[in-house]
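So you can see what is in the structure, the chains are spelled out below.
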Amino acid sequence: AARLDLDGLRVVVTAGGTREPFDPVRFMGNRSSGKQGMAIAAAAAARGANVTLIAANIGTEAVPDGIAVEPVGTTLELEKAVTDAAREADVVIMAAAVADYRPAQVQQGKIKKEHTGDRLTVEFVVNPDILAELSAARREGQLVIGFAAETESDPATLLELGRSKIARKGCDFLVVNNVGWNHGFAADDNDVIVLNTSGDIVMEASGTKLSVADRILDATLSRVP
Ligand code: C5P
């Protein structure tokens, strides 16, 4: 039987990856499949939470009934959607891979070789750090959880990166995973460590993204006394 230990908890999860267009047919994006974020949304809903999934460029056909889905494309759209949803949330989980930069200009028409010659330069500007903003704005008792996808294979260095990242972002927990070239993104399994604000490891898990999702919820949200 399902444990409804998150009954009524209002949870917002972002999943997928933002895309930044630079003309009507092209964008800069990333390899996030959205699987880990979707698994967290599904696991939280199965445990009784009231879940909103902010879905950045991912198919949502497999999202269980009862989860409110808000599709977004760009980082600025995700920022607006998650900031609005966060006002009514107990927990915000930023699993989406958010583009750090967006093109400074979006061309109205398709960029063509006849006009650019043999080289194209696109200038980017930095996007807002949504996780840092949400962390700075969080209410008393509201929990903000961030993710870090790193391509570092040395465990000690990975941990150091995680510790400096949680300090920089100011969130309550950081889920660190190693994405490399062959695992993490798009895979069905994941390998994570969860850090608290002091940089201590509070949980380590590997397995299917759904089992890892439950472990992340256990480590961060468990209300069991
Ligand atoms: O700095 P980095 O991109 O590694 O941080 C990853 C975490 O920060 C993720 O939780 C991601 O959703 C969030 N993020 C964000 N806004 C950005 C970049 C990342 O909220 N502009």
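Fair warning: this is a prediction, and the values are worked out from it, not measured in the lab. (Residues numbered from 1 in each chain as written. Predicted model: local features only at pLDDT ≥ 70, side-chain atom pairs only at ≥ 80, totals over all residues. Heavy atoms only, no water.)

(A) The pattern of salt bridges, seen in detail. As enumerated under the stated definition, the model contains 13 salt bridges in all. Of the charged contacts in the structure, one is a salt bridge between Lys169 and Asp129, with a shortest N-O distance of 2.6 Å. With a gap of 40 residues between them, Lys169 in helix H5 (residues 155–169) and Asp129 in the loop between strand E8 (124–126) and helix H4 (130–137) connect regions that are remote in the sequence. The partner of Arg138 in a salt bridge is Asp172, with the nearest N and O atoms 3.0 Å apart. One end of the pair, Arg138, is in the loop between H4 and strand E9 (143–150); the other, Asp172, is in the loop between H5 and strand E10 (173–178), and 34 residues separate them in sequence. Overall, Arg138 belongs to the partly exposed group, its relative accessible area being 25%. On the basis of relative accessible area, Asp172 is assigned to the buried category, the value being 16%. Salt bridges sharing partners connect three or more residues here, namely Arg3, Asp5, Arg47, Asp214 and Asp218. (Salt bridge = Lys/Arg side-chain N within 4 Å of Asp/Glu carboxyl O. Helix = DSSP H or I, 4+ residues; strand = E, 2+ residues; numbered from the N terminus. Buried < 20%, exposed > 50% of the residue type's maximum accessible area, 1.4 Å probe, protein only.)

(B) Inspection of the UniProt feature "binding site: CTP" (unreviewed entry) in the protein at higher detail. Feature annotation in UniProt assigns "binding site: CTP" (unreviewed entry) to the following positions: Asp100, Lys110, Pro128, Asp129, Ile130, Leu131, Phe147, Lys165 and Lys169. Taken along the chain, the residues just named run across 70 residues; in space they spread out, the farthest C-alpha pair reaching 37.5 Å. Among the residues just listed, Asp100, Pro128, Asp129, Ile130, Leu131, Phe147, Lys165 and Lys169 line the largest pocket. Within the secondary structure, Pro128 is located in the loop between E8 and H4. (UniProt positions renumbered as here; feature names shortened; annotations may be inferred. 1 Å grid on protein atoms, 1.4 Å probe; cavity = no way out; pocket = protein on both sides within 12 Å on 5 of 7 lines; lining within 4 Å.)

(C) Structural detail: the pairing of strand E2 (residues 20–23). Relative to strand E3 (residues 26–28), E2 runs antiparallel, the two being bridged by three bridges. When the sheet's bridge partners are listed, Pro21 is paired in E3 with Phe27. Between the end of E2 and the start of E3, which pair antiparallel, lie two residues. (Pairing = 2+ DSSP bridges.)

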